[in-house]
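Coordinate inspection notes
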Amino acid sequence: MRSHSKLSEHTFKKGKFITPINSLPLMKEFEDEKSWTYGRMPEYLWIGLLLKHYGRDEGLRKSYGIISTLHKLAPDLYTARLSQILKLDEDIQKRFYNYIGCIGAKEALAPLTVFLTSSKAPVFAECFYCPDQSIEDRCEAIIQTMRDTMDHQSYEATDIRFVALYFNLLSGKLHLQKGQMDLLATYPTVKHSDEIMRMARPTVRSLEMMILTFETIDSAYLNEFWRCVSEMTDCSIFVIEFPEEKRNVTAYMEKLYEVFTYLSELFVATDPLNEKMNVLLCIATYSYKRLKEIYEYQLFNSISGRSCVRVLIEDYIMMKYLVKNETSHDNIWRDYQLYGMGLYKLVLARYRESGVFQESHFDEKYIEALVNEFKDEEFIDMDTKYFDKQNIRMKADSVGEKDLYGLYYDYDSSFEHGLWGAIRESSLLKCNNPAHKYHCVPDVEDGTRLKTVLPDCIMVMNKTVSFLNELYGIPEQLLNEVIHFEIEPIIE
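Attention in this report is confined to the structure presented alongside it. In this text the structure is predicted, and so the values were computed from the model without any measurement.

Our next topic: the overall build of the protein. Scanning the protein from terminus to terminus reveals 22 helices and 5 strands. A globule of 492 residues ought to have a C-alpha radius of gyration of about 23 Å, yet the protein, at 33 Å, is considerably larger. Taking the principal axes of the C-alpha coordinates as reference, the protein spans close to 100 × 55 × 45 Å. Going through the 492 residues of the protein one by one, you find that 43% of them count as buried. Within the protein, counting contacts between residues at least 6 apart in sequence, those at least 24 apart form 72% of the total. In the structure as shown, the protein presents an accessible area of about 27600 Å², 53% of it carried by carbon and sulfur atoms. Considering the protein, the positive charge centre built from 57 side chains and the negative charge centre built from 75 side chains are found 8 Å apart.

See the structure below:
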């Protein structure tokens, strides 16, 4: 299994985590035309078809005879790229193709005529077209070979790369050390399961990439290849569906309701003018209402469910932050309220000046009444920075919730902001057709079902309730019925 670099191994510079490999001087990823999957594999597909048709052992033997013949016919050719073979003199092409036919390999390469037609490659099409192979059969052969070889580290891809490398060695362009030559000599005679292949395969792959130094990239051929194979084959869509959340949490929601009813009655009965208690209970109530919406409309498997988790986390962190800093920030409870109303006022001011009067979910009169509820708006400033000049990450760190922020909040924020990771996970379906480069298509029919957020919602809400209990005390039996509520394992 491939190991992944740890976060601690990345270089953090100007707000960006840079991977260890990208931190190396002059190191950069191949552009598509030089990559194996999109640039080199299409050129060597003919070798892949031979190996697929005959199997590894016989295919490698056949390939050796074929590339040896090609080298004799075209000694100046140093690459086995099909685009370059097609540019050889027609007489050389015919002699080469006839040899392939003579050893009985015509049918193996016939699928290529689905895009190498008589108008594009007349000599090739004449020599390899097999009327008994339908278009569907030819496309299927190409698709299956591509599926086996698109991963540059697969056994099948490494076999192709070995043949391509061996042909280049025949041209004399590449010079290797004795140890490397010994490994290459061993490669076709042993199985992939043999221990020596643990060294041989990486050697083949690294040396094959060196051929790029001598090769000419035919962009027109590559573009035509991908255009043809993608247009001639259909999408093969598959859907990721996590188990639907059907567990019964009605008892939990009922007990949660009792907790908030108790705290609300406690506030009204004992200290209704206490701004701290008012702010904290209202923040927590907002979290409760968000969770209640997700519960009532069964949105645990939805995008909205992830938005709920994010809100619950931010509310919980804010509550802890306000309590922690109340002694160092004069009247933090009033300032927190005015900060939020200032942002409401800013939207209100923009709305008034925009000249927009069409129906909107923003109701000017109601928002104006809220902004002016306890203080004339002319005395309310509008602070566009983070409250208390610290973003949510800094607040989470200061209250000991760094992990809660780093894992859950950052992930769910991608859904809240419509970032590509969230879009890819929730709104795109994967095509399993390698001819379409395994692309994605819009999930218009809503076939994707995301993983449930129910356990996360309960986890964060229980943190919130426990925090309120530390401040105001909740009857022990009622508290335990909430924070010790157990949900059954999900049934797949």
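More follows now that the structure is in view.
It is worth spelling out the packing of helix H16 (residues 332–354) against helix H17 (residues 364–371) at this point. Contact geometry of H16 with H17 gives a least axis separation of 10 Å together with a crossing angle of 145°. As H16 packs across H17, the resulting crossing turns out to be left-handed. The segment H16 lies against H17, with Met341, Tyr344, Lys345, Leu348, Tyr351 and Arg352 engaging Glu364, Ile367, Glu368, Leu370 and Val371. Split by residue class, the contact of H16 with H17 holds 7 nonpolar, no polar and 4 charged.

Turning our attention to the sheet that holds strand S5 (residues 440–442). Sheet strands pair by backbone hydrogen bonding; their relative direction is either parallel or antiparallel. With antiparallel pairing, 3 strands are arranged side by side in an open sheet as S3-S4-S5. Of all strands in the sheet, those with a lone pairing partner are strand S3 (237–238) and S5, marking the two edges. Judged from the 3 bridges that link them, strand S4 (residues 428–431) and S5 form a sheet pairing that is antiparallel. If you follow Leu428 over to S5, its bridge partner there is Pro442.

On to the side chain of Arg290. Checked against the element boundaries, Arg290 lands in helix H14 (residues 275–296). Put simply, Arg290 is tucked away with no salt bridge, and the nearest opposite charge, on Glu293, sits 4.3 Å away. Residues within four places of Arg290 in sequence aside, it is in contact with Ser307, Cys308, Val311 and Leu312.

Residue position: Tyr351 is located in helix H16. A residue is classified by how much of its surface remains accessible, and Tyr351, at 18% relative accessible area, is buried. Along the backbone, Tyr351 and Asp363 are 12 residues apart, and their C-alpha atoms lie at a distance of 9.8 Å.

Further remarks concern unusual backbone geometry. Phi at Asn331 is positive, roughly 50°, even though this residue is not glycine. Summarising the element assignment, Asn331 is placed in the loop between helix H15 (303–325) and H16. Among the residues examined, Asn331 registers a relative accessible area of 44% and is labelled partly exposed. Although it is not a glycine, Lys437 sits at a positive phi angle of roughly 60°.

Turning our attention to the packing of H14 against helix H21 (residues 454–472). The description of two helices packed together rests on the angle between their axes and the distance between the axes. Contact geometry for H14 and H21: axes closest at 11 Å, N-to-C directions at 160°. Judged by the inter-axis angle, H14 sits roughly antiparallel to H21. Two packed elements cross with a definite hand, and for H14 against H21 that hand is left-handed. Contact residues: H14 offers Lys276, Met277, Leu280, Leu281, Ala284, Ser287, Tyr288 and Leu291, while H21 offers Cys457, Met461, Thr464, Leu468, Leu471 and Tyr472.

Now for the pattern of salt bridges. Applying the stated rule across the entire model yields 28 salt bridges. Close ionic contact of Glu326 with Lys276 constitutes a salt bridge, the shortest N to O distance being 2.8 Å. Note that Glu326 is positioned in the loop between H15 and H16 and Lys276 in helix H14, a separation of 50 residues in sequence. Its salt-bridge partner being Lys385, residue Asp383 comes within 3.2 Å of it at the nearest N-O pair. For Lys385, a relative accessible area of 46% corresponds to the partly exposed category. Overlapping salt bridges bring together Lys120, Glu224, Arg227 and Glu231 as one network.

Scoring rules and cut-offs
Residues numbered from 1 in each chain as written. Predicted model: local features only at pLDDT ≥ 70, side-chain atom pairs only at ≥ 80, totals over all residues. Heavy atoms only, no water. Helix = DSSP H or I, 4+ residues; strand = E, 2+ residues; numbered from the N terminus. Rg over C-alpha atoms; globule rule 2.2 N^0.38 Å. Buried < 20%, exposed > 50% of the residue type's maximum accessible area, 1.4 Å probe, protein only. Contact = heavy atoms within 4.5 Å. Areas by Shrake-Rupley, 256 points an atom, 1.4 Å probe, with all protein chains shown as cover. Lys, Arg positive; Asp, Glu negative; His and termini not counted. Charge placed at Lys NZ, Arg CZ, Asp CG, Glu CD. Axes fitted to C-alpha atoms, helices over the stretch in contact; angles between N-to-C directions. Left-handed = near helix turned anticlockwise from the far one by under 90°. Nonpolar A, V, L, I, M, F, W, Y, C, P; charged D, E, K, R; others polar. Pairing = 2+ DSSP bridges. Salt bridge = Lys/Arg side-chain N within 4 Å of Asp/Glu carboxyl O. Parallel < 35°, antiparallel > 145°, perpendicular 65-115°, else oblique.

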